[in-house]
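# Working through the structure, step by step
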Amino acid sequence: MSSKITVIGAGSWGTALANLLAENGEEVQIYARDQKVVNSINLEQKNSKYFPEYRLNSKLTAINDLNQSLRDSDLIVISVPTQALTGVLSQMDGFVDSDTIIVSTAKGIDENTFKTNSQMIKEAGFENVVVLSGPTHAEEVMEKLPTAIVSAADNKESAEKVQDLFMSKYFRVYTNPDIKGVELGGALKNVIAVASGICDGLDFGDNTRAALITRGLNEMSRFVDFHGASDLTLSGLSGMGDLVVTCTSMHSRNRRFGIEIGRGKSMSEAKQVVNQVVEGVKTARAIYKWLDLEDIDLEMPITRQVYQVLFDKKDPYQAVEELMLRSKKHEMESIVDNSLWNI
Ligand SMILES: NC(=O)C1=CN([C@@H]2O[C@H](COP(=O)(O)OP(=O)(O)OC[C@H]3O[C@@H](n4cnc5c(N)ncnc54)[C@H](OP(=O)(O)O)[C@@H]3O)[C@@H](O)[C@H]2O)C=CC1
Ligand SMILES: O=C(CO)COP(=O)(O)O
């Protein structure tokens, strides 16, 4: 029996994933809200807006009607930015069976509800969610460069089904039952990537970046612990892996945005330069607001400084100085044990 996969969102990630599935022999339809993108995919086999230089697989077609694209779909991949998810979910209502597998690929936290994408999808009535996340720049997936990712779900069968569908000689997929840990790793790393970019924009060095990556991971792990997810997941592809790629790559939208901020551009100027979604901006605000509103005493100094640079116009040099001169502390708070010292 033939099956159809719908990919919602024809930006860089939706296009790369849809093309990968088509290369794997699947019948894939991608939903784009922009009719010009639909036409370029159907008539020229290219996404004229996001990947004009690549010929897409011929099994990939595009459509501008979301409800129509969902009809007879056995699996749905959502690749729109986090803040657009609520709108998409409301349009899925009544058109998608509640047990259909929904693959969530966005990396962010909703700035009004402080929820992750999978939480919002489940609350909209779709329980069978798989989170696909890892160090995976769309540009390199289009180039078919070896890439590894994680398929995370509560349900093992669904995680494995997604693993089977996406796995290829250039795309290796691991499974993981810690959906929350995988998802939070992908969302939080974007904020650290903005910080890393800001420091690059200030012409700081490799030492600075390494410190940010390492202490950023520490900060991420505090947040992940608080939410009951596993620290071990953070040492994997969707945590450390994604953090490294996004803090070091020129493909990274979050890092490139941060570089522009470090060079003195305003938020809107920096967004214009990147011209694609920069999830770390709204995720930083979501976390900052959540800490504040819930009065939670969780140490997230890098995220707090990123928020203040972006939204309170704090001087980035001052932000870095404040990070450097915070009260002195032990490197590994959880294993401070006086018996380990030679006193
Ligand atoms: N790019 C990458 O390498 C990777 C991205 N991701 C994640 O995937 C998500 C999408 O990112 P990415 O593809 O890079 O973003 P892009 O900015 O490249 O594309 C976003 C896409 O979403 C569409 N879109 C935006 N709002 C809506 C809406 N309300 N309804 C329908 N479609 C909408 C845009 O349409 P339009 O063009 O008309 O504006 C565009 O097609 C993000 O969460 C990102 O973190 C994850 C892994 C890798
Ligand atoms: O998450 C991503 C790659 O894994 C995409 O976000 P960036 O482009 O900011 O790195």
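Residues numbered from 1 in each chain as written. Chains lettered and ligands numbered in written order. Predicted model: local features only at pLDDT ≥ 70, side-chain atom pairs only at ≥ 80, totals over all residues.

An unreviewed UniProt entry annotates the protein as Glycerol-3-phosphate dehydrogenase [NAD(P)+] originating from Halanaerobium kushneri. You can read under Subcellular location (unreviewed entry) in the UniProt record for the protein the words "Cytoplasm". (UniProt positions renumbered as here; feature names shortened; annotations may be inferred.)

This brings us to the site of ligand 1. Taken together, 28 residues lie near ligand 1, and Gly11, Trp13, Ala84, Ala106 and Ala138 sit nearest. If you list the elements that add at least two residues to the shell around ligand 1, you get helix 1 (12-23) and helix 4 (85-92). The greatest single-element share of the shell around ligand 1, amounting to three residues, is contributed by helix 1. Here the shell around ligand 1 gathers at least three residues from each of two domains, domain 1 (4-177) and domain 2 (181-328). (Near = placed C-beta within 6 Å. Helix = DSSP H or I, 4+ residues; strand = E, 2+ residues; numbered from the N terminus. Domains from an automatic or database assignment.)

Time to look at the UniProt feature "domain: Glycerol-3-phosphate dehydrogenase NAD-dependent C-terminal" (unreviewed entry) in the protein. Per the UniProt record, "domain: Glycerol-3-phosphate dehydrogenase NAD-dependent C-terminal" (unreviewed entry) is annotated on residues 178-321. Across residues 178-321, the secondary structure splits into 76% helix and 0% strand, with the terminal C-alpha atoms separated by 36 Å.

Around ligand 2, 13 residues are found, and the nearest of them are Thr136, Thr246, Ser252, Arg253 and Asn254. Those elements that provide at least two residues to the shell around ligand 2 are helix 8 (179-201), helix 11 (237-248) and helix 12 (253-262). Here the element with the most residues in the shell around ligand 2 is helix 11; it accounts for three residues. Considering only residue class, the shell around ligand 2 consists of three nonpolar, seven polar and three charged. Each of domain 1 (4-177) and domain 2 (181-328) gives at least three residues to the shell around ligand 2. (Nonpolar A, V, L, I, M, F, W, Y, C, P; charged D, E, K, R; others polar.)

Take the sheet that holds strand 2 (residues 27-31) next. If you walk across this open sheet you meet the eight strands as 3-2-1-4-5-6-7-8, and the pairing is mixed. In the strand order of this sheet, the two ends are held by strand 3 (60-63) and strand 8 (171-176), each with one partner. Strand-to-strand twist of the sheet, defined as the mean angle between neighbouring strand axes without regard to direction, takes the value 25°. By the bridge criterion, five bridges tie strand 1 (residues 4-8) to strand 2 in an arrangement that is parallel. For threonine 6, the partnering residue across the bridge sits in strand 2 and is glutamine 29. Helix 1 rests against strand 1, strand 2, strand 3, strand 4 (75-78) and strand 8 of the sheet, and its axis sits at about 165° to strand 2. (Pairing = 2+ DSSP bridges. Axes fitted to C-alpha atoms, helices over the stretch in contact; angles between N-to-C directions. Contact = placed C-beta atoms within 7 Å.)

Here we come to the UniProt feature "binding site: sn-glycerol 3-phosphate" (unreviewed entry) in the protein. UniProt's entry tags Lys107, Gly134, Thr136, Lys189, Asp242, Ser252, Arg253 and Asn254 with the feature "binding site: sn-glycerol 3-phosphate" (unreviewed entry), counted in the numbering of this structure. Within the secondary structure, glycine 134 sits in the loop between strand 6 (129-133) and helix 6 (138-142). Sequence-distant contacts of glycine 134, that is, excluding residues within four places in its chain, are made with Ala148, Ile149, Val150, Leu237, Ser238, Gly241 and Asp242. Within the secondary structure layout, aspartate 242 lies in helix 11. For aspartate 242, a count of 29 C-beta atoms within 10 Å translates into the label buried. With sequence-adjacent residues up to four places away left out, aspartate 242 is seen in contact with Gly134, Pro135, Gly185, Gly186, Lys189 and Leu237. (Buried ≥ 20, exposed ≤ 12 C-beta atoms within 10 Å, placed from the backbone.)

With that out of the way, let us pick up the confidence of the model for the protein. On average, residues of the protein carry a pLDDT of 96, and 98% of them reach 70 or more. As scored by the predictor, the complex reaches a pTM of 0.97 and an ipTM of 0.99. (pLDDT = per-residue confidence, 0-100.)

With that out of the way, let us pick up the packing of helix 8 against helix 9 (residues 206-226). Put simply, helix 8 and helix 9 touch, their axes get as near as 9 Å, and they point 150° apart. The orientation of helix 8 relative to helix 9 falls into the category roughly antiparallel. For the pair helix 8 and helix 9, the crossing hand works out as right-handed. From helix 8, Gly181, Leu184, Gly185, Leu188, Lys189, Ile192, Ala195, Ser196 and Cys199 reach across to helix 9, where they touch Thr208, Arg209, Leu212, Gly216, Met220, Phe223 and Val224. Of the residues assigned to the contact of helix 8 with helix 9, the class counts are nine nonpolar, five polar and two charged. (Parallel < 35°, antiparallel > 145°, perpendicular 65-115°, else oblique. Left-handed = near helix turned anticlockwise from the far one by under 90°.)

Taken domain by domain, the protein consists of domain 1 (4-177) and domain 2 (181-328). Each partner contributes to the interface: domain 1 provides 27 residues, whereas domain 2 provides 26 residues. Among the secondary structure elements, those contributing two or more residues to the side of domain 1 that touches domain 2 are helix 5 (117-123), strand 6, helix 6, strand 7 (147-152) and strand 8. Tallying contributions element by element places strand 7 first for the side of domain 1 that touches domain 2, with four residues. Split into classes, the residues belonging to the side of domain 1 that touches domain 2 amount to ten nonpolar, twelve polar and five charged.

All right, on to helix 11 then. Along helix 11, nine of the twelve residues are buried, which leaves the element largely enclosed by surrounding structure. Along helix 11, the residues classified as buried are Leu237, Ser238, Gly239, Gly241, Asp242, Leu243, Val245, Thr246 and Cys247.

Another aspect to go through is the nonpolar core. By size, the foremost hydrophobic cluster in this structure holds 58 residues, and its most contacted members are Val7, Leu21, Ile30, Ile76, Ile78, Val103 and Val130. Considering every element that reaches this core, the biggest residue donor is helix 1, with seven residues. Within the second largest apolar cluster, 39 residues are counted, among which are Ile192, Ile213, Leu243 and Ala270. (Core = buried A, V, L, I, M, F, W, Y, C linked by C-beta atoms within 7 Å.)

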